[in-house]
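Architecture at a glance
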Amino acid sequence: MPSRRALIRRPSPRVADGLVTHVERRTVDPALALAQWRAYGEALRAHGWETVEAEPADDCPDGVFIEDTVVMFRNVALIARSGAETRRRETAGVEEAVARLGCSVNWVWEPGTLDGGDVLKVGDTVYVGRGGRTNAAGVQQLRAAFEPLGARVVAVPVSRVLHLKSAVTALPDGTVIGYEPLVEQPSLFPRFLPVPEEAGAHVVLLGGAKLLMAASAPKTAELFTDLGYEPVQVDISEFEKLEGCVTCLSVRLRDLHT
Ligand SMILES: NC(=O)NCCC[C@H](N)C(=O)O
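Under an unreviewed UniProt entry, the name given to the protein chain is N(G),N(G)-dimethylarginine dimethylaminohydrolase, and the source organism is Streptomyces tirandamycinicus. In its Sequence similarities (unreviewed entry) section, the UniProt record describing the protein chain reads: "Belongs to the DDAH family."

What follows is the structure, given as structure tokens:
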């Protein structure tokens, strides 16, 4: 069976102080956040993913959103440099974790900024959101890191949401899904399917027809079921208050050649 690992990081006790940019701040319950994070990990494990915990970063309120710290393409890990200065310290334990898993490690350097949440891979196409967290130098550095490995990097403007993947992700057949009011140019994607809820735009592909998604998007779950998929729903309300979604709580590493 091909290896399927997911890197995760437990929420900081200071998770309630996480950044908010496009939403009103609401009170986050740290104990509930921890319980939801545990259930998220359980859901991954229940569907055949081995979870690997990166060193906790208790002094980083947003550390649980580990997706933003690193982008994987084949065996290469590109360590991000967040557009939010306060999040840059989160990368330390992640560098170590991916190196231990046998990845070769590259870095985004100043003046580049890039958040992993801005990177959506669909086969060998790597969409990158140019927005509040990822700048032009970050896009160039992503191209330089991954195009020699066979990636085709496509830059997409992002201004209505925090990250590209706050607006769009993709189904197993490569169809890009998104909540239309938040997607600037759906025509940039060869196949685009609108979903009826903002939180429905985020899926993690668990393998086969299984899609991990937020419990807060029941109409979209129905749509996916109707299309022959199997939604696996998790409650991530505390992370949603901080503009997080299902994708940002893990980094999936498939078939590493170790
Ligand atoms: N990839 C993601 O969607 N990350 C969510 C990050 C949320 C965090 N509060 C932030 O503003 O950076």
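1. A closer look at the pairing of strand β14 (residues 230–234)
Note: strand β13 (residues 210–214) against β14, 5 bridges, orientation parallel. Among the inter-strand pairings, Leu 212 is bridged to a residue of β14, identified as Val 232. For the crossover that starts at β13, traverses helix α5 (residues 218–226) and ends in the parallel β14, the hand is right-handed.

2. Digging into the pattern of salt bridges
The final tally for this structure, using the stated rule, is 13 salt bridges. Here Arg 133 makes a salt bridge to Asp 115, at a shortest N to O gap of 3.0 Å. Of the two residues, Arg 133 is situated in the loop between β7 (125–130) and α3 (136–146) and Asp 115 in the loop between β5 (104–107) and β6 (119–122); the sequence distance between them amounts to 18 residues. A relative accessible area of 0% means that Asp 115 is categorised as buried. For Glu 230, the salt bridge goes to Lys 210, with nearest N and O atoms at 3.7 Å.

3. Here we look at empty space enclosed by the protein
Counted under the stated rule, the structure contains 3 cavities of 30 Å³ or more. Forming the walls of the largest cavity are 19 residues, and the residues nearest its centre are Asp 68, Leu 162, His 163, Glu 243 and Gly 244. Split by residue class, the lining of the largest cavity holds 6 nonpolar, 6 polar and 7 charged. Taken as a whole, the second largest cavity spans an internal volume of roughly 70 Å³. Forming the walls of the second largest cavity are 14 residues, and the residues nearest its centre are Pro 157, Leu 164, Ala 167, Val 183 and Glu 184. Residue assignment for the lining of the second largest cavity shows that the elements contributing at least two residues are β8 (152–157) and α4 (164–167). Partitioning the lining of the second largest cavity into residue classes produces 10 nonpolar, 2 polar and 2 charged.

Reading guide: rules and limits
Residues numbered from 1 in each chain as written. Predicted model: local features only at pLDDT ≥ 70, side-chain atom pairs only at ≥ 80, totals over all residues. Heavy atoms only, no water. UniProt positions renumbered as here; feature names shortened; annotations may be inferred. Pairing = 2+ DSSP bridges. Helix = DSSP H or I, 4+ residues; strand = E, 2+ residues; numbered from the N terminus. Right-handed = clockwise from strand over helix to strand, strands pointing away. Salt bridge = Lys/Arg side-chain N within 4 Å of Asp/Glu carboxyl O. Buried < 20%, exposed > 50% of the residue type's maximum accessible area, 1.4 Å probe, protein only. 1 Å grid on protein atoms, 1.4 Å probe; cavity = no way out; pocket = protein on both sides within 12 Å on 5 of 7 lines; lining within 4 Å. Points joined across faces, edges and corners; volume = space filled by probe spheres on them. Nonpolar A, V, L, I, M, F, W, Y, C, P; charged D, E, K, R; others polar.

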